[in-house]
Amino acid sequence: MIVRFFNSGTSNGESPVGYLLRMRDHQGNLRPEAPELLAGSPQLTIDLINGISRKHKYASGCLAFRPGESPSRAELFKILDRFKAVVAPGLSEDQFNSLFVIHQEAPDRKTGVSGFHVHFVLPMTLLGGK
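Now for a description of the structure that goes with this document.

### Re the overall build of the protein chain
Piece 1. The secondary structure content of the protein chain amounts to three helices and five strands.
Piece 2. When the helices and strands of the protein chain are listed from N to C terminus, the series reads β-α-β-α-β-α-β-β.
Piece 3. Computed over the C-alpha atoms, the radius of gyration of the protein chain is 15 Å, within 12% of the 14 Å expected from 2.2 N^0.38 for a compact globule of 130 residues.
Piece 4. Counting only residues that meet the buried cut, the protein chain has 36% of its 130 residues in that class.
Piece 5. Here the contacts in the protein chain between residues at least 6 apart in sequence split such that 74% fall between residues at least 24 apart.
Piece 6. Surface accessibility of the protein chain: about 7700 Å² in total, with carbon and sulfur atoms responsible for 53%.

### Describing a nonpolar patch on the surface
Piece 1. Residues Met 1, Val 3, Phe 5, Val 86 and Val 87 make up a contiguous nonpolar surface patch of roughly 440 Å² in combined accessible area.
Piece 2. The set of elements that each furnish at least two residues to the nonpolar patch consists of strand E1 (2-5) and helix H3 (73-87).

### A short note on the packing of aromatic side chains
Piece 1. Taken as a whole and judged by the stated rule, the model has six aromatic pairs.
Piece 2. Seen from their ring centres, Phe 5 and Phe 120 are 5.2 Å apart, and the 70 degrees between their planes marks the pair as edge-to-face. Remark: Phe 120 occurs in strand E5 (residues 116-123) and Phe 5 occurs in strand E1; sequence separation between them is 115 residues.
Piece 3. On the accessibility criterion, Phe 5 (45% relative accessible area) is partly exposed.
Piece 4. Through successive ring pairs, a cluster of aromatic residues spans Phe 5, Phe 83, Phe 100 and Phe 120.
Piece 5. In this structure, Arg 31 is placed above the aromatic ring of Tyr 19, and the distance from its NZ or CZ to the ring centre is 5.0 Å.

### Observations concerning the nonpolar core
Proteins that are soluble and globular tend to have nonpolar side chains buried together.
Piece 1. Membership of the largest hydrophobic core comes to 13 residues, with the highest contact counts inside it found for Leu 38, Leu 63, Phe 65, Leu 76, Phe 100 and Val 118.
Piece 2. When residues of this core are traced back to their parent elements, those giving at least two are strand E3 (58-65), H3, strand E4 (99-104) and E5.
Piece 3. With sequence-adjacent residues up to four places away left out, Leu 76 is seen in contact with Leu 38, Phe 65, Pro 71, Ile 102, Phe 116 and Val 118.
Piece 4. Of all hydrophobic cores here, the second largest spans nine residues; its members include Leu 20, Tyr 58, Leu 99 and Val 101.

What counts, and at which threshold
- Residues numbered from 1 in each chain as written.
- Predicted model: local features only at pLDDT ≥ 70, side-chain atom pairs only at ≥ 80, totals over all residues.
- Heavy atoms only, no water.
- Helix = DSSP H or I, 4+ residues; strand = E, 2+ residues; numbered from the N terminus.
- Rg over C-alpha atoms; globule rule 2.2 N^0.38 Å.
- Buried < 20%, exposed > 50% of the residue type's maximum accessible area, 1.4 Å probe, protein only.
- Contact = heavy atoms within 4.5 Å.
- Areas by Shrake-Rupley, 256 points an atom, 1.4 Å probe, with all protein chains shown as cover.
- Patch = residues over 30% accessible without salt bridge, like charges linked within 9 Å, V, L, I, M, F, W, Y side chains within 5 Å.
- Salt bridge = Lys/Arg side-chain N within 4 Å of Asp/Glu carboxyl O.
- Phe/Tyr/Trp six-rings, centres within 6.5 Å; stacked < 30°, edge-to-face > 60°.
- Lys NZ or Arg CZ within 6 Å of the ring centre and 35° of its normal.
- Core = buried A, V, L, I, M, F, W, Y, C linked by side-chain atoms within 4.5 Å.

This is how it looks when you write it as structure tokens:
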């Protein structure tokens, strides 16, 4: 697994959430499968981002899995829990918002095996507490 953060975070909430949920990738190509909502609320994420007035409103990126890496659903949720503990240290689940969406990749031309990646959007705002 590779973690990548994108150089973004200044647009309205509809932009990153729309990208995660649409059937076309960043090059306009049709995705091999529909994006799958793994965790979070798209509308809540949009609303939180749109309520932030500073320039940098959210962090986004993806957790990329190589072809052949196929964690179970339970393992995937453990990975997400550990990821959130690293990016939001000391915060409880109710203190920050996160959205995770799975994108399947097209099968590799040589091997026929496909990988996937989990995109994330994290509004940069504290929801409660200190």
